[in-house]
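# Coordinate inspection notes
Residue strings, one per chain:
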Amino acid sequence: MSILIKNGQIVTAAETYIADLYIEKDKIVAIGKNLEYNADKVIDATNKLVFPGGIDPHVHLDMPFMGTYSSDDYETGTRAALHGGTTMVIDFILQTQGDSLHNALKTWQKKSEGKAIGDYSYHMAVTDFNDDVAKEVVEMIDEEGISSFKTFMAYKGALMIDDGQMVQLMKVVKKHGGLVTVHATNGDMIDSLIAKNRQAGNLSPLYHYLSQPEVTEAEASGRFADMLHYTGCPGYIVHMTCEGALNAVRKATTRNQKVFVETCTQYLTLDASLYEKDFEGAKWVMSPPLREKKDQAALWSGINQGLVQVVGTDHCPFMWEQKKMGKDDFSKIPNGHPAIEHRMELLFSEGVNKGRISLTKYVEVSSTNAAKIFGMYPRKGTIAIGSDADVVVFDPNKEHTFSAETHHMNCDYSGYEGMKVKGKTETVILRGQIAIENEDCKLNPGYGQFIPRGKTSKIVI
Ligand code: URP
Ligand code: ZN
Ligand code: ZN
């Protein structure tokens with residue numbers, strides 16, 4: 001299959017220009033003015049943007065969590081991602097405490113192989129660190145193409161490791177060229193605030209928010225940065241929500257440290273007033289919770305200051321029936337919301353179209369930086385000769401409305417119901433094949449490939 005995209009405005013993290021793009025088999029083969037190729041398919045991209053397929057490095061597909069499973073699996077989740085212009089996701093494998101990383105890897109391979117439509121990779125969540133696991137960490141980097149290790153400073157008893165384990169993990173990961181990522185919130189503080197609220201009969205979703213004040217995230221982010229500094233390990237803080245946590249990272253940069261930061265579209269666009277809607281607030285029960293307008297402003301600035309390098313989603317959907325597990329107790333509401341499909345369009349509409357970020361910054365934070373930080377660049381994350389032909393043709397002016405009636409995520413409500421956005425994914429190409437055209441997915445389960453990742457020790461962004 002060969003595809004010629006004519007007259008589009010090509011956007012990379014570095015520049016934007018009008019040109020043609022020629023794709024042969026799974027790679028980008030030529031970029032230039034007035035290209036003359038006899039292609040199987042020609043796409044007229046006049047007045048359209050042409051940018052690299054989005055990479056969402058924070059999704060949870062078919063994940064066991066809080067007594068249930070997230071409702072999108074690899075098939076429905078990667079299909080929805082493609083509809084929104086995200087061609088690759090990085091999901092989280094969860095080690096079961098007391099069991100091995102290899103067993104966890106096998107479990108996640110069964111979930112994804114033959115099912116994924118879009119490309120994917122895995123972060124390995126280390127929930128129980130010891131000498132045997134240390135050996136497995138090295139094997140994951142050297143043999144399995146998994147070079148990022150997720151840690152939790154919260155969810156005690158299921159996922160959390162202590163600071164001693166964290167430091168030992170960082171030492172091994174640094175030595176072998178990997179990266180430690182973190183859910184940075186103070187688990188002990190949060191658990192005690194939850195217990196106090198429950199004792200006092202404060203059981204509505206609002207108290208999920210009130211049990212995780214900004215300080216719990218700021219403190220843990222600073223502590224994580226200090227441990228990175230002590231060990232010399234590169235690190236990445238997932239789903240950052242607030243000014244206080246960002247300031248902890250700003251301080252770390254004065255020590256010339258590499259602490260990468262991801263925020264998510266919901267923290268840039270939604271705020272904590274949504275928790276005042278009685279049980280409907282459960283739609284946005286996620287951890288950390290939505291914050292204040294001043295935090296949104298800090299995060300947008302952080303993107304432009306280069307302190308926030310990546311915008312993901314933390315996609316972790318649950319059906320309304322599942323959310324109702326916490327009808328009488330906010331602490332039993334499964335944490336997470338559906339977002340994988342909307343990231344590229346929402347960030348474009350609220351970011352580029354509202355003048356908050358530039359086009360090149362948009363590509364940088366939605367695709368290129370994730371590819372660089374997680375060891376896949378330049379195969380993924382850019383429009384360049386020799387790169388995988390993962391390409392989005394995007395109409396920057398088309399207006400549409402998000403709704404559970406029309407979205408493709410396996411979730412019976414939307415956290416963005418009725419939200420109007422400007423900018424729409426039109427055609428999506430994944431490794432040289434048309435994935436989305438005329439709002440229809442053309443690829444079948446099993447097309448999506450596992451993308452092994454390289455060492456992350458030489459990250460330059
Ligand atoms: O609420 C969330 N974020 N659910 C998914 C698990 C996590 O902490 O990322
Ligand atoms: Zn988390
Ligand atoms: Zn998450």
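The structure reproduced in this document is the subject of the present report. (Residues numbered from 1 in each chain as written. Chains lettered and ligands numbered in written order. Predicted model: local features only at pLDDT ≥ 70, side-chain atom pairs only at ≥ 80, totals over all residues. Heavy atoms only, no water.)

## Some points on the coordination of the zinc ion (ligand 2)
Surrounding the zinc ion (ligand 2) are the protein donor atoms His183 (ND1) and His239 (NE2), which sit 2.1 Å from the metal. One way to put it: the 4 donor atoms around the zinc ion (ligand 2) meet at angles of 56 to 151°, and that makes the site irregular. Between the zinc ion (ligand 2) and the zinc ion (ligand 3) the interatomic distance amounts to 3.8 Å. Here histidine 239 lies in strand S13 (residues 235-240) and histidine 183 lies in strand S12 (residues 179-183), a separation of 56 residues in the sequence. Its relative accessible area of 2% is what places histidine 239 among the buried residues. (Donors = N, O, S within 2.8 Å, 3.2 Å for Na, K, Ca; no water. Tetrahedral: all angles 85-135°; square planar, octahedral: opposite > 155°, others 65-115°. Helix = DSSP H or I, 4+ residues; strand = E, 2+ residues; numbered from the N terminus. Buried < 20%, exposed > 50% of the residue type's maximum accessible area, 1.4 Å probe, protein only.)

## Here's the deal with the pairing of strand S14 (residues 259-264)
Within S14, 6 of the 6 residues are buried, which leaves the element mostly enclosed by the surrounding structure. Both faces of S14 are covered, namely the face carrying Val259, Val261 and Thr263 and the face carrying Phe260, Glu262 and Cys264. The pairing of S13 with S14 spans 4 bridges and is parallel. Looking at S14, one finds that methionine 240 is bridged to threonine 263. Note: S14 against strand S15 (residues 310-312), 3 bridges, orientation parallel. (Pairing = 2+ DSSP bridges.)

## With respect to the nonpolar core
Core analysis: the largest hydrophobic core is formed by 106 residues, its most contacted members being Phe51, Val137, Met166, Phe224 and Tyr362. If near-sequence neighbours (up to four positions away) are discounted, phenylalanine 51 is found in contact with Val11, Met344, Tyr362, Val363, Ile383, Asp390, Val391, Val392 and Phe394. Among the nonpolar cores identified, the runner-up in size contains 16 residues, and Ile10, Ala19, Ile28 and Ile429 belong to it. (Core = buried A, V, L, I, M, F, W, Y, C linked by side-chain atoms within 4.5 Å. Contact = heavy atoms within 4.5 Å.)

## A few points about the packing of aromatic side chains
In total, this model carries 16 aromatic pairs according to the counting rule given. Between tyrosine 209 and tyrosine 275 the ring centres are 5.6 Å apart and the planes differ by 20°, which places this aromatic pair in the stacked class. Placement of tyrosine 209 in helix H6 (residues 206-210) and of tyrosine 275 in the loop between helix H9 (265-269) and helix H10 (293-305) is noted, with a sequence separation of 66 residues between them. Grouping residues by exposure puts tyrosine 209 and tyrosine 275 together as buried. (Phe/Tyr/Trp six-rings, centres within 6.5 Å; stacked < 30°, edge-to-face > 60°.)

## Re the site of ligand 1
Taken together, the residues surrounding ligand 1 are His58, His60, Phe65, Tyr155, His183, His239, Met286, Ser287, Asp314, Cys316, Asn335 and Gly336. Contact between ligand 1 and histidine 183: an oxygen atom at 3.0 Å from a side-chain N or O atom of the residue. Contact between ligand 1 and serine 287: an oxygen atom at 2.8 Å from a main-chain N or O atom of the residue. Protein coverage of the free-state accessible area of ligand 1, which is 270 Å², stands at 99%. (Near = heavy atom within 4 Å. Polar contact = N/O pair within 3.5 Å; in protein donor to acceptor, adjacent residues only side chain to side chain. Areas by Shrake-Rupley, 256 points an atom, 1.4 Å probe, with all protein chains shown as cover.)

## A few points about the coordination of the zinc ion (ligand 3)
Coordination of the zinc ion (ligand 3) by the protein involves His58 (NE2), His60 (NE2) and Asp314 (OD), with metal-donor separations of 2.0 to 2.2 Å. Around the zinc ion (ligand 3), the 4 donor atoms are arranged such that angles at the metal cover 84 to 136°; this shape is classified as irregular. Read from N- to C-terminus, the donor residues coordinating the zinc ion (ligand 3) fall into the pattern H-x1-H-x253-D. The exposure class of histidine 58 is buried, given its relative accessible area of 0%.

## Points about the packing of helix H4 (residues 163-175) against helix H7 (residues 214-231)
Where H4 contacts H7, the two axes come as close as 10 Å, and the packing angle between them is 45°. Considering the angle they form, H4 stands oblique to H7. Crossing handedness for the pair H4 and H7: right-handed. The segment H4 lies against H7, with Asp163, Met166, Val167, Met170, Lys171 and Lys174 engaging Arg223, Phe224, Met227, Leu228, Tyr230 and Thr231. In terms of residue class, the contact of H4 with H7 is built from 7 nonpolar, 1 polar and 4 charged. (Axes fitted to C-alpha atoms, helices over the stretch in contact; angles between N-to-C directions. Parallel < 35°, antiparallel > 145°, perpendicular 65-115°, else oblique. Left-handed = near helix turned anticlockwise from the far one by under 90°. Nonpolar A, V, L, I, M, F, W, Y, C, P; charged D, E, K, R; others polar.)

## So, the pattern of salt bridges
With the rule as written, the count across this model stands at 33 salt bridges. Among the ionic pairs, arginine 431 bridges to aspartate 119, the shortest N-O distance being 2.7 Å. Of the two residues, arginine 431 is situated in the loop between strand S17 (420-430) and strand S18 (433-437) and aspartate 119 in strand S10 (residues 119-125); the sequence distance between them amounts to 312 residues. Side by side, arginine 431 and aspartate 119 carry an identical accessibility label, which is buried. One salt bridge connects aspartate 329 with lysine 332, and the closest N-O pair in it is separated by 3.1 Å. Using a relative accessible area of 8% as the deciding quantity, one classes aspartate 329 as buried. Put simply, Lys27, Asp119, Arg379, Lys380, Asp388, Asp390 and Arg431 are held in one network by salt bridges that share partners. (Salt bridge = Lys/Arg side-chain N within 4 Å of Asp/Glu carboxyl O.)

Keep in mind these numbers describe shape, not what the thing actually does.
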